[in-house]
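What the coordinates show
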Amino acid sequence: MIYAKSNPKETLREHTEKLINNYYLLKEKYGQKIQNDKMWDLLLLAVKYHDTGKIYTHFQNVIRKKIGKEILPEAISYDIPHNYLSPVFVPFKELELNKDEKKILIQAIGYHHERDKEIDRDKIKEVIEKDLKQKVNNLKEELEIEISNKLGTKYVQKLKPRNRIKLNDDNYNLYVLVKGLLHRIDHSASAHQVIELDRNENVAEYTLKYMDKQGFNLREVQRFAKENKERNLIIIASTGIGKTESALFWIDNDKGFFTLPLRVSINALFDRVKKDIEYDSVGLLHSTSLDYLDEEGYENWEEIYEQSKILSSKLNFTTIDQIFKFPFKYRGYEKIYATMSYSKVVIDEIQAYSPNVAAVILKGLEMIHEIGGKFMIMTATLPTIYLDYLKERRIIEEDLQIQYFLSDVIRHKISILDKDINKDIDKMIQMGKEGKVLVIVNTVDKAIELYNYICEKDFSNTFLLHSMFIQEHRAKLENKIKEFAKDKTAKGIWITTQLVEASIDVDFDYLFTELSTLDSLFQRLGRCYRKRKYDLKEPNVYVYTEDVSGIGSIYDKEIFKFSKEMILDYDMKELSEKDKVKMVEKLYSKEKLNGTKFMKDFKTAIKYLDTVEDYDVNSKEAQKILRDIQNITVIPREIYDSISKLIEKYQNEKNSNVKRKIRRKINRKTVSIPVYKAKGKVSSIDIEGLKNIKILERKYDFDEEKELGQGILIEEELENIF
C-alpha cells in the first residue's frame, strides 16, 4: 500500500485517479477553449507522474506515523520534497518527447509544490540508488504506468532555479498552462471538489429570463455586450444604465470573474445574481466572504466558500487582491493565470483604484490577452492614461471595442462655494427638515467634527457613517442608511465619507460635499438624484472648495488642484453625463498628469511589473502589495472588555470548527484602521490565534439601542487605562 495523504487517509492510486478524473472533466468542459493537443498530452503525463516521488520510504513513514501504521525500515532518511523526486520515474525516451517538452514536464512536476528548499543532486542520487530503484515494480503495479528503465539524476539540472522557464522562453505559455492546470487539478482533488462546476449553466440565459419576468427590455448597452461577447470590451456608461446585466450577457456561457473595488458591493451583486436572477452557479471570494455567507444564512455556505477558493464556480464575484496577484509572478502564480486562459474577466469601476493597483490590473489584462482570455472594463469614467496603455500594448485592435453609453438625462445642477463646508450647517439643517440630505467629507475626523456641530444645533435627525466603526455596527449603519433612502417620508441628514461613493446604493434629495478629485466627486453625485431627472430651480449639489480635508493624504494635491480649476466652470450650471466623462478624460490625460505623483506612481508600478523577477515573492506577499493599504485590525478597549467571556471561550475551545465560529464573532467586533493612526495607542493580545488583532486604547462611542454614535474617537484617551 502506497499512501499519498494522511487526513483523510488516501492511497497514491486513489489520489492519482481523482486527478485523472478531474483532468478529463476539465478537458470535456473547456477543451474547446484551449485547442492545444500538445498541452493536453503533457498535462495528462504531469497528472499521472506528479506524485510518484511519494513512494520514497522516508515520505511513506511520515504518513504512516500520522495514520498509526507500522514504520518501514529506511535505508536513507534525507528530507527531500517528493516533487523533486517524481520526474525520475517519467520514461522520457519511451514517450519520445523532444527537449522542450521534456523540460516543460520536468518543471511542471518538479514545481507543482513551490519549495524554499534547495535541490541537492548528490542526495537525490543516493535516494535513487538506495531506495527508489527497489520500488519501481511497486509503483508500476500501483499506478499502472510505464516507468523509466534507467533512473538517473540528469533531470535535476532542469530544476535548478536559473533554468526555470520564464516569459522570454518560446514555450512560456505552454508551460504556464501545463503547470497552472496541474495545480488546479491537484488542489481540487486534494480538497475533494470537482474542478469545474455547471459548465452548461448559462448566466446570460438566466439574466434574460429574469428581465422578461420583470417586463424589462434590453437596453442598447446590453444588446452591444450580447452581440460582442467574443471580444475584449471597454464600456463607458452612465450609472443606472444596466451595466451589470451587460456584463452577464457578455460572460454568456463562459467561466467568469467579476471584480469590484469594495466587498460590500461584491456581496450585494452576489446576492442579486443568486437570489433575484436565481443563478446558483456563483462563488464569492474575498477576505471576509466566509463570514458573509454564514451570516446571511446560506445553507451550503461552507461548500460555496470551498468551491470559490479553488476557483471551481462557474461565475466568481471577487476582489482584485484575490485573482490579480499573477502579474507579480509569485511562486505558484500559474494556477490563476492558466485559469484566465479560458475565462472572461470583468473589471468594474477601474477609476476607483489607486494608480499602483490600476497598473497591476492593466498589466494583468495584457497578460490575459496574451494567454487567450477575454476582458471587459465597465466604468462611469475612464482615465485616458489607462486607455493609452492598452493602445500602446496593442491590446485594442479596433475602435468598436470601446463604446460609450451615456444618458441624456440631466440629474444635477451644482453650486461651487468658496468656503469651508462647516459654514453651511444651517442650510443643511433647513434642507434636512424638508427632505433627505447627504453630506460627504474626505476624512473621518471631519465627519465627526461636522456631526458634533449639527448635534449642538439640536437637530436630532442626524446620523453618522464612516469606516471607523466596528464591523458589527458599521453593518447596522449601512442597512440603516439604505432603509432611510428608500423611505419616501424620511427626512434628515446623513454625514458620511467616501465610503458611500461606490459601496452603498442610495438616492438622496440634496448633496453637500467637500471637493475631491473629479472622478471621486462624480461618484458622489451618483448618490443624489441617482435615477431621477433634475426638476428643481435651486441646485441639488453643493461643492465646498476651501479648508478641504484629506488633501495630500487621501487625495493627490496636484490632481485636486486641477479638479478645482476645472469644476469652477460649472458653478450654477447643469452637469451632463458627457461633461463628466470629458472632464475626467482631460484630467487624467498624459498632458495634464505629466510630472505629477499620480503619473510617477503609475509608471513606476508598470516598470516594476514589466521587469519583475519570476518567483521572487510568495502569494501572501503579492496580495499584501495589491491590497495597497497599510492598515491594522483593532478592537476598541471598551468592546474588548465587554466580550471577555467570548475571548476566554475562544482560548479554551479545543474543537477547531467551533473555535473558527467564535473567531468570526470576535472579528465582528474589530475595525481596520490606518497604522499611523494606531501608533502608540494599541496593546497586544497574547492569545494564540488572536495575535494579529490589537486592542485600541481609545474611546469608542455607539448607542446600541438608538444605533447612533461617533465610532472610534482616536484622540480621546480612556481614563484609568492601567
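What you see as residue numbers is a count from 1 along each chain, following the sequence as written. pLDDT decides what is reported in this predicted model: residues at 70 or higher carry local features, side-chain atom pairs at 80 or more are listed and counted, and totals for whole chains, interfaces and linings draw on all residues regardless. Side-chain metrics rest on all non-hydrogen atoms present in the structure, leaving aside hydrogens and water.

So, on to the overall build of the protein. Put simply, DSSP marks the helices as runs of H or I at least four residues long and the strands as runs of E at least two long, and each gets a number from the N terminus on. When helices and strands are counted, the protein shows 33 helices and 22 strands. Radius of gyration means the value over C-alpha atoms here, while the globule rule gives 2.2 Å times the residue count to the 0.38 power. For the protein, the C-alpha radius of gyration of 29 Å lies close to 27 Å, the compact-globule estimate for 722 residues. When its C-alpha atoms are laid out on the principal axes, the protein stretches across 90 × 65 × 55 Å. Three labels apply to residues, based on accessible area from a 1.4 Å probe with only protein chains included: buried if under 20% of the type maximum, exposed if over 50%, partly exposed otherwise in between. Evaluated residue by residue, the protein yields a buried proportion of 58% over its 722 residues. Contacts are assigned to residue pairs with any non-hydrogen atoms lying within 4.5 Å of each other. Long-range pairs, those at least 24 residues apart, make up 78% of the contacts in the protein between residues at least 6 apart in sequence. In short, Shrake-Rupley with a 1.4 Å probe defines the accessible areas, and a residue's cover is counted only from the protein chains shown. Of the roughly 32300 Å² of accessible surface on the protein, 44% is carried by carbon and sulfur atoms.

The subject of this paragraph is the pattern of salt bridges. Two side chains bearing opposite charge may form a pair once their charged atoms approach each other closely. By salt bridge we mean one thing: a side-chain nitrogen of Lys or Arg within 4 Å of a carboxyl oxygen of Asp or Glu. Taken as a whole, this structure holds 51 salt bridges when the rule is applied. Between arginine 393 and glutamate 366 there is a salt bridge, with its nearest N and O atoms 3.1 Å apart. Taken as a pair, arginine 393 in the loop between helix H19 (384-392) and strand E9 (402-405) and glutamate 366 in helix H18 (residues 355-371) lie far apart in primary sequence, 27 residues in all. Each member of the salt-bridge network shares a partner with another, and the members are Glu114, Arg164, Lys179 and Glu334.

Regular strands have side chains that alternate between both faces of the sheet. Of all five residues in strand E14 (residues 510-514), five are buried; the element is thus mostly enclosed. Here E14 shows a buried face lined by Tyr510, Phe512 and Glu514 and a second buried face lined by Leu511 and Thr513. Pairing geometry for strand E11 (residues 436-440) and E14, over four bridges, is parallel. When the sheet's bridge partners are listed, isoleucine 440 is paired in E14 with threonine 513. Whether two strands pair comes down to DSSP finding at least two bridges between them. By the bridge criterion, four bridges tie E14 to strand E15 (residues 541-544) in an arrangement that is parallel. Residue leucine 511 lies in a different strand from E15, and its bridge partner there is valine 541. This β-α-β element, E14 to helix H24 (residues 518-525) to E15, shows right-handed connectivity. When the strands point away from the viewer and the connection leading from the first strand across the helix to the second strand turns clockwise, the crossover is called right-handed.

Turning our eyes to something else, we now look at the environment of arginine 394. Looking at where arginine 394 falls in the secondary structure, it is placed in the loop between H19 and E9. In this structure arginine 394 comes out as exposed when scored by relative accessible area, which is 70%. Measuring from C-alpha to C-alpha, the distance between arginine 394 and asparagine 479 comes to 45 Å, with 85 residues separating the pair along the chain.

It is worth spelling out the UniProt feature "domain: HD Cas3-type" (unreviewed entry) in the protein at this point. The UniProt record annotates "domain: HD Cas3-type" (unreviewed entry) at residues 5-188. For residues 5-188, helix accounts for 53% and strand for 3%, while the C-alpha atoms at its two ends are 14 Å apart. UniProt positions are given in the numbering used here, feature names are shortened, and annotations may be inferred rather than shown by experiment.

Take the pairing of strand E20 (residues 693-696) next. Two elements, strand E17 (residues 631-636) and E20, share four bridges in a ladder whose sense is parallel. For threonine 633, the partnering residue across the bridge sits in E20 and is isoleucine 693. Two elements, strand E19 (residues 682-684) and E20, share three bridges in a ladder whose sense is antiparallel. For serine 683, the partnering residue across the bridge sits in E20 and is isoleucine 695.

As a further point, take the sheet that holds strand E3 (residues 233-237). Strands sit in the order E5-E6-E4-E7-E8-E3-E9 across an open sheet of seven strands; the sheet is parallel. Every other strand in the sheet has two partners, leaving strand E5 (282-285) and E9 as the edge strands with one partner each. With direction set aside, neighbouring strand axes in the sheet form an average angle of 15 degrees. Sheet topology places strand E4 (residues 255-259) next to strand E7 (residues 343-348); five bridges connect them, and they run parallel. Bridge pairing in E7 places lysine 255 opposite serine 343. To define axes, lines are fitted to C-alpha atoms, for helices over the stretch in contact only, and angles between the resulting N-to-C directions are given on a 0 to 180 degree scale. Its contacts with the sheet put helix H15 (residues 301-309) on E5 and strand E6 (315-318), and the angle it makes with E5 is roughly 80 degrees.

Further remarks concern the sheet that holds E19. With mixed pairing, four strands are arranged side by side in an open sheet as E18-E17-E20-E19. Two strands close off the open sheet at either side, each with one partner strand: strand E18 (671-674) and E19. Direction aside, the axes of adjacent strands within the sheet are offset by 50 degrees on average.

To continue, consider H19. Of all nine residues in H19, seven are buried; the element is thus mostly enclosed. Here H19 has its buried residues at Thr384, Ile385, Tyr386, Leu387, Asp388, Tyr389 and Leu390. The first or second residue beyond H19 is arginine 394, which carries a positive phi of 60 degrees.

For the rest of this paragraph, the subject is the packing of aromatic side chains. Aromatic rings from Phe, Tyr and Trp, with only the six-membered ring used for Trp, were paired whenever their centres fell within 6.5 Å, and each pair was classed as stacked if the ring planes differed by under 30 degrees, edge-to-face if by over 60, and tilted otherwise. For the structure shown, the criterion picks out 22 aromatic pairs. Judged by centre distance (6.0 Å) and plane angle (75 degrees), the ring pair of phenylalanine 469 and phenylalanine 702 falls under edge-to-face. A residue pair is termed long-range when its members are at least 10 positions apart, and phenylalanine 469 in the loop between strand E12 (462-465) and helix H22 (471-486) and phenylalanine 702 in strand E21 (residues 698-703) qualify at 233 residues. Just as phenylalanine 469 is buried, phenylalanine 702 falls in that class too. Both rings, one in tyrosine 588 and one in phenylalanine 598, keep their centres 5.1 Å apart while their planes meet at 55 degrees; by these two values the pair is tilted. Here tyrosine 588, found in the loop between helix H26 (577-587) and helix H27 (590-593), pairs with phenylalanine 598, found in helix H28 (residues 597-611); they are 10 residues apart in sequence, far enough to count as distant.

What makes a nonpolar core is a set of buried Ala, Val, Leu, Ile, Met, Phe, Trp, Tyr and Cys residues whose side-chain atoms join them at distances within 4.5 Å. Core analysis: the biggest nonpolar cluster contains 209 residues, and Phe324, Val439, Phe512 and Ile673 have the highest contact counts within it. Within the second largest apolar cluster, 39 residues are counted, among which are Val203, Tyr210, Ile266 and Leu284.

In this section: unusual backbone geometry. In this model, asparagine 7 is joined to proline 8 through a cis peptide bond whose omega is -5 degrees. Tracing the backbone shows proline 8 in the loop between strand E1 (3-6) and strand E2 (9-11). Even without being glycine, histidine 192 reaches a positive phi, approximately 60 degrees. With respect to the helices, strands and loops of the structure, histidine 192 is situated in the loop between helix H9 (172-190) and helix H10 (203-214). On the accessibility criterion, histidine 192 (40% relative accessible area) is partly exposed. Its identity is not glycine, yet tyrosine 615 carries a phi of approximately 65 degrees, on the positive side. Along the chain, the position of tyrosine 615 falls in the loop between H28 and helix H29 (619-627).

This part is about the packing of H18 against H19. Packing of H18 against H19 leaves a shortest axis separation of 11 Å and a crossing angle of 25 degrees. On the basis of their axis angle, the class for H18 and H19 is roughly parallel. Once H18 is placed against H19, the crossing between them reads as right-handed. Here H18 contributes Pro355, Ala358, Leu362, Lys363 and Glu366 to the contact with H19, which in turn contributes Tyr386, Tyr389 and Leu390. Tallied by class, the residues present in the contact of H18 with H19 amount to six nonpolar, no polar and two charged. Note on angle classes: values under 35 degrees are labelled roughly parallel, values over 145 roughly antiparallel, values of 65 to 115 roughly perpendicular, and the remainder oblique. Crossing handedness: left-handed means the near helix sits turned counterclockwise from the far one by under a right angle, and right-handed means the same turn made clockwise. Residues are grouped as follows: Ala, Val, Leu, Ile, Met, Phe, Trp, Tyr, Cys and Pro are nonpolar; Asp, Glu, Lys and Arg are charged; all remaining types, including Gly, are polar.

Examined against the element boundaries, serine 341 turns out to sit in the loop between helix H17 (334-340) and E7. What makes serine 341 buried here is its relative accessible area of 4%. At 2.5 Å, the side chain of serine 341 and the backbone oxygen of alanine 338 are in polar contact. Counting of polar contacts relies on pairs of N or O atoms within 3.5 Å, with two restrictions inside protein: one atom must be capable of donating a hydrogen and the other of accepting it, and residues adjacent in sequence are counted only when both atoms are side-chain atoms.

Let us look at the side chain of histidine 112. As for its position among the elements, histidine 112 is in the loop between helix H6 (99-110) and helix H7 (121-130). By relative accessible area, histidine 112 is classed as buried at 2%. In terms of polar contacts, histidine 112 uses its side chain to reach the side chain of aspartate 51, at 3.2 Å. Reaching out from histidine 112, the side chain makes a polar contact with the side chain of histidine 113 at a distance of 3.4 Å.

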